[in-house]
Amino acid sequence: MKKVNVAVVGATGLVGRKIIEVLEERNFPVNELIPLASEKSEGKEIEFKGKKVKVRKLDENSFDKGIDIALFSAGASVSEKFVPIAIKNNVRCVDNSSFYRMDDKVVLVVPEINKDKIDSNTMLIANPNCSTIQSVLPIKPIYDNFKIKRIVYNTYQAVSGGGQKALEDLHNRTNKKWKYKIYNNVLPQIDVFTDNGYTKEEMKMINETRKIFDDYNLKITATTARVPVENCHCVSINIELDRDFDLDFIRKILEEQDGVKVIDNPKEELYPIPTMVTGSDDIYVGRIRRDYSIDYGINLWVVGDNIRKGAATNAVENAEVLLEV
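Residues numbered from 1 in each chain as written. Predicted model: local features only at pLDDT ≥ 70, side-chain atom pairs only at ≥ 80, totals over all residues. Heavy atoms only, no water.

**Student:** So what's going on with the side chain of Asn306? Residues and values would help.
**Tutor:** Of note, Asn306 is situated in the loop between strand 15 (297–304) and helix 9 (308–324). Those residues in contact with Asn306 that lie beyond four places of it in its chain are Cys130, Ala158, Ser160, Gly161, Asn231, Cys232, His233 and Ala311. (Helix = DSSP H or I, 4+ residues; strand = E, 2+ residues; numbered from the N terminus. Contact = heavy atoms within 4.5 Å.)

Following this line, the structure appears as structure tokens:
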């Protein structure tokens, strides 16, 4: 595979550093790595494949020449400004921010589900929200085999999803990132509230799930909460189906889904937990059981590393697809 020059925008942040790590782990064909960040990070050194690479300041001229692919992870305002500049310079982009996700002209991709949306003309791929990515992967085989009447998401999201300052709040028992301390606490708010009473994070999960499955009639509700755990989001997913099902068949199709690992043995008290999943690119599923309050309901407990598959790895996998098409 031809080697390419890769820019990582937001290279010194939690996700940016993880993207660089994943590029090396997956032996992505990097000819030259160009770490880009704000002026305060200019000149810092990042290690890549045993060599020190200096961080460059992100500006309007960063994409003028020599960059083939750019992986953005510096927030919506940065993506809004600099993705068009990169594309104008014929740089193919993968964006981790929320800015382009619901744009009708931009594909929203989890490669194990809908990489067919990417073709040789694709210049921009939006990476879904971290909690959406880990939720749609186990839903995929169920969606393919049944008609889904309703999905209920309840999330328990790790502090690392809020970035380095949030982790410092957890460790130092402060509240510089959010209104309330996260230490020894649970915050039933992720992102700002919208006029309908839902937070933006909740609406992201609802709208992104519909877009990924290309099914805008899916009935979905969500409640997202921040919990005092360093890493790995947990999601309780309740799915109502249109007809009866065999639970062993559900387990079988989950086990066969790319990117999903089933850990489900109640007798041995085996189920996914954050300390088990941290560092993995698989999405772990357990507590697979019927919902007896409705005719045809399933409950799933889903755990994923929000910095890896929920952000960095999915972005790199999308970049790999760009090189293939």
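**Student:** Break down the packing of aromatic side chains for me, citing the residues and quoting the values.
**Tutor:** Enumeration according to the criterion identifies five aromatic pairs in this entry. Between Tyr143 and Phe213, the ring centres sit 4.6 Å apart and the planes meet at 20°, which makes this aromatic pair stacked. Here the residue Tyr143 occupies a position in helix 4 (residues 130–145), and Phe213 occupies one in the loop between helix 6 (200–212) and strand 11 (220–226), the gap between them amounting to 70 residues. The exposure class of Tyr143 is partly exposed, given its relative accessible area of 23%. Assessed through its relative accessible area of 9%, Phe213 is described here as buried. Directly above the aromatic system of Phe245 lies the positively charged group of Arg290, at a separation of 4.2 Å from the ring centroid. (Phe/Tyr/Trp six-rings, centres within 6.5 Å; stacked < 30°, edge-to-face > 60°. Buried < 20%, exposed > 50% of the residue type's maximum accessible area, 1.4 Å probe, protein only. Lys NZ or Arg CZ within 6 Å of the ring centre and 35° of its normal.)

**Student:** Give a detailed account of the sheet that holds strand 6 (residues 69–72), specifying residues and quantitative values.
**Tutor:** The sheet built from seven strands is open, its strands ordered 5-2-1-6-7-9-8 with parallel pairing. Because the sheet does not close on itself, it has two edges, and the strands there are strand 5 (56–57) and strand 8 (107–108). Where strand 1 (residues 4–9) lies against strand 2 (residues 30–37), six bridges are found, and the strand directions are parallel. Paired with Ala7 across the bridge in strand 2 is Ile34. Taken strand by strand, helix 1 (residues 14–25) contacts strand 1, strand 2 and strand 6, and its axis lies near 155° from that of strand 1. (Pairing = 2+ DSSP bridges. Axes fitted to C-alpha atoms, helices over the stretch in contact; angles between N-to-C directions.)

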